[in-house]
Amino acid sequence: METFIHAYSWVDIHFLLQGLWVTIYVSLISIILSFVLGLIFGLLRYMKIKYVSAIVGFVIDIIRNLPLLLIIFFTYFGLPELGIVTNQTAASIIALVIFEGAMLAEIVRSGISSIDPGQMEGARSNGMTFGQAMYHVVMPQALHNMIPALLSQFVSLVKDTSLATIIVLPELLYHAQIIYSQNTTYIIPMYVIIAVMYFIVCFCLSMFASYLQKRFKMD
Amino acid sequence: MWSILTNNWSSFLTGFWNTILCSVIALIFSLILGIFFAMLEVAPPKFVRIIAHIYIEVFRNIPLLVIVMIFYLIVPRFFFKLSGFQSGTIGLTLYTSAFIAETVRSGINSIGEGQMEGARSNGMTYIQAMRYVILPQAMKIVIPPLGNQFVNLIKNSSVLAFVAGFDLMYQAQLIAFASFQTIDTYIVVGLFYLVLTLPLSYYLRHLEKKLAN
């Protein structure tokens, strides 16, 4: 018990909170960017444009079936070989956006496909352009269906930021490792508290997902 | 690029084998655990349901890496010895079992209540009804999402690289840093992973379409 009290001194907690902040902002930026990317590529894949959709679909399938860790390595150790210099933050955001963007694109595609084609036809025959019909009629319904899948993908994105410790992104897990490598008796308290911190962040997101689902329950 | 593959053939094969081994072991045990907790979550006593719910939420909301690290660093220090491979596989099993439990539970919930009532009124106990009537139907529904969990499991097994589990990713790092041909190594390793995951996910998509019709 004594070690717990010592381990949770203000200095350590403050240091961990700094790590948590990095985790949160890397997650937030990645969530926003990967959602935009996912929307664009999901739509492209749905629209069945000759060649484009097939190529986009193939690339998405490839990325979805690779481990995120491999993509993180690739962006951090591989990109500099191609002449693109990245730091840890940029490399981990790029990797997360590529990977989660592909995952989200698949969710978006299946969300749009789940909407009855009659909706699109009806909107088009009422004189809307494809873009208008998509934006005003199909997308709102599709997004509603996607909420649970999207949010659980965001939760896994937050958890996946912990993988970036391997390229020394100063996030929560890495900061905890710094603390317990200085005093190894702190190892249990550190893992307890970071587990709690991750749990709080992810659980709030999960709760938010189920709230949204109830809030927007149709009929 | 091919020189990377031919020069390090045996390391790649070891890694490939360990990745498969770890994924299969974790799949079997997480299926058992997952179905067990899914059944607890729909069991009549409230107390049991709460325990199952806590288990599922805890393992779903903590990063896999943290769970694996706990088994790699803390458990061997205070309880019993675990190799990197073992701790990685245990962590992976617990993590995946929570997701499988959630999937199976939604499958069980999608079975009409009449099924349970019918089975019970025919004289089956609750457990018999679950075992012979509800679960077989539920499992049929959840096969595609379970398959997706297996794909995720294979990808997630790359965390073994953190704990010296000698999986594909670990070998990849060793080879990449020894040969300085990082991009080529990662492409080769990516191909190894795709050999495992891509056919599986295409088959699952096919299966999903077939079951939908």
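Predicted, not measured: the structure shown is a model, and the values here were computed from it.

1. Things to note about the overall build of chain B
- The helix and strand tally for chain B stands at nine helices and zero strands.
- When its helices and strands are written in sequence order, chain B yields α-α-α-α-α-α-α-α-α.
- Counting only C-alpha atoms, chain B reaches 70 × 50 × 25 Å along its principal axes.
- The buried share of chain B, taken over its 213 residues, is 43%.

2. Details of the overall build of chain A
- Within chain A, the secondary structure is distributed over nine helices and zero strands.
- The helix and strand sequence of chain A, counted from the amino end, reads α-α-α-α-α-α-α-α-α.
- Taken along the three principal axes of its C-alpha coordinates, chain A extends 70 × 50 × 20 Å.
- In chain A, which comprises 219 residues, the proportion classed as buried is 39%.
- By sequence separation, contacts in chain A at least 24 residues apart represent 76% of the contacts at least 6 residues apart.

3. Observations regarding the packing of helix H2 (residues 10-47) of chain A against helix H8 (residues 172-182) of chain A
Residue and element names in this part refer to chain A.
- Axis separation between H2 and H8 bottoms out at 7 Å; the angle between their running directions is 155°. Considering the angle they form, H2 stands roughly antiparallel to H8. Seen along the crossing, H2 lies across H8 with a hand that is right-handed. Side by side, H2 and H8 meet where Asp12, Phe15, Leu16, Gln18, Gly19, Leu20 and Thr23 of the first sit next to Leu172, Tyr174, His175, Ala176 and Ile179 of the second.
- Residues of the contact of H2 with H8, tallied by class, amount to seven nonpolar, four polar and one charged.

4. Some words on the UniProt feature "domain: ABC transmembrane type-1" (unreviewed entry) in chain B
- UniProt feature "domain: ABC transmembrane type-1" (unreviewed entry): in the numbering of this structure it lies at residues 16-204 of chain B.
- For residues 16-204 of chain B, the helix share is 83%, the strand share is 0%, and the end-to-end C-alpha distance is 22 Å.

5. Examining the interface of chain B and chain A
- Contact residues are listed per partner, giving 30 residues for chain B and 27 residues for chain A.
- Where the side of chain B that touches chain A is concerned, the elements lending two or more residues are helix H3 (46-60), helix H4 (64-78), helix H7 (126-156), helix H8 (168-179) and helix H9 (182-212) of chain B.
- In terms of residue count, H9 of chain B provides more of the side of chain B that touches chain A than any other element does, ten residues in total.
- Residues of the side of chain B that touches chain A, tallied by class, amount to 22 nonpolar, six polar and two charged.

6. So, the packing of helix H9 (residues 187-215) of chain A against H4 of chain B
- Running from N to C, H9 of chain A and H4 of chain B cross one another at 170°; their axes reach a closest spacing of 11 Å. Looking at the two axes, H9 of chain A sits roughly antiparallel to H4 of chain B. Contact residues: Ile187, Ile188, Tyr191, Ile194, Ala195 and Tyr198 of chain A in H9 of chain A; Val66, Met69, Ile70, Leu73 and Ile74 of chain B in H4 of chain B.
- Within the contact of H9 of chain A with H4 of chain B, the residues separate by chemical class into eleven nonpolar, no polar and no charged.

7. Re the UniProt feature "domain: ABC transmembrane type-1" (unreviewed entry) in chain A
- Within this structure's numbering, the places UniProt gives as "domain: ABC transmembrane type-1" (unreviewed entry) are residues 20-209 of chain A.
- Structurally, residues 20-209 of chain A comprises 80% helix and 0% strand, and the distance from its first C-alpha atom to its last is 21 Å.

8. Let's talk about the UniProt feature "transmembrane region" (unreviewed entry) in chain B
All names here are of chain B.
- The UniProt record annotates "transmembrane region" (unreviewed entry) at residues 12-38, 50-75 and 186-204.
- Between the C-alpha atoms that bound residues 50-75 the distance is 26 Å, and the span itself is 88% helix and 0% strand.
- Each end of residues 186-204 is marked by a C-alpha atom, and these two atoms are 26 Å apart; helix forms 100% of the span and strand 0%.

9. So, the UniProt feature "transmembrane region" (unreviewed entry) in chain A
All names here are of chain A.
- In the numbering used here, UniProt assigns the feature "transmembrane region" (unreviewed entry) to residues 20-44, 51-77, 89-108 and 186-212.
- End C-alpha atoms of residues 51-77 are separated by 32 Å, and the span's content is 85% helix alongside 0% strand.
- Secondary structure across residues 186-212 comprises 96% helix and 0% strand; the distance between its end C-alpha atoms is 39 Å.

10. Focus: the confidence of the model for chain A
- Overall, the predicted model of chain A reaches an average pLDDT of 86, with 98% of residues at or above 70.
- Put simply, helix H1 (residues 2-7) of chain A is where chain A has its lowest mean pLDDT, 73, and helix H5 (residues 88-113) of chain A is where it has its highest, 90.

So, how was this worked out
Every chain is numbered independently, its residues counted from 1 as its sequence is written. As they are written, the chains are lettered A onward and the ligands numbered 1 onward, keeping that order. Where local features are concerned, this predicted model is filtered to residues with pLDDT of at least 70; where side-chain atom pairs are given and counted, the filter is 80 or more; whole-chain, interface and lining totals use all residues. Labels follow the DSSP assignment, with helices taken as runs of H or I lasting at least four residues and strands as runs of E lasting at least two, numbered in each case from the N terminus. Working definition of burial: number of other C-beta atoms within 10 Å of the residue's own, with buried at 20 or more, exposed at 12 or fewer, and partly exposed in between, all C-beta atoms being placed from the backbone. Once C-beta atoms are placed from the backbone, any two residues with those atoms within 7 Å are in contact. Interaxial angle, 0 to 180 degrees, is taken between N-to-C directions of lines fitted to C-alpha atoms, where a helix line uses only the stretch in contact. These descriptions rest on fixed angle ranges, namely under 35 degrees for roughly parallel, over 145 for roughly antiparallel, 65 to 115 for roughly perpendicular, and the rest for oblique. Crossing chirality is assigned from the near helix's rotation relative to the far helix, an anticlockwise turn below a right angle marking it left-handed and a clockwise turn marking it right-handed. Three classes are used: nonpolar for Ala, Val, Leu, Ile, Met, Phe, Trp, Tyr, Cys and Pro, charged for Asp, Glu, Lys and Arg, and polar for all others, with Gly counted as polar. UniProt positions are given in the numbering used here, feature names are shortened, and annotations may be inferred rather than shown by experiment. pLDDT is a per-residue confidence score from the predictor, ranging from 0 to 100.

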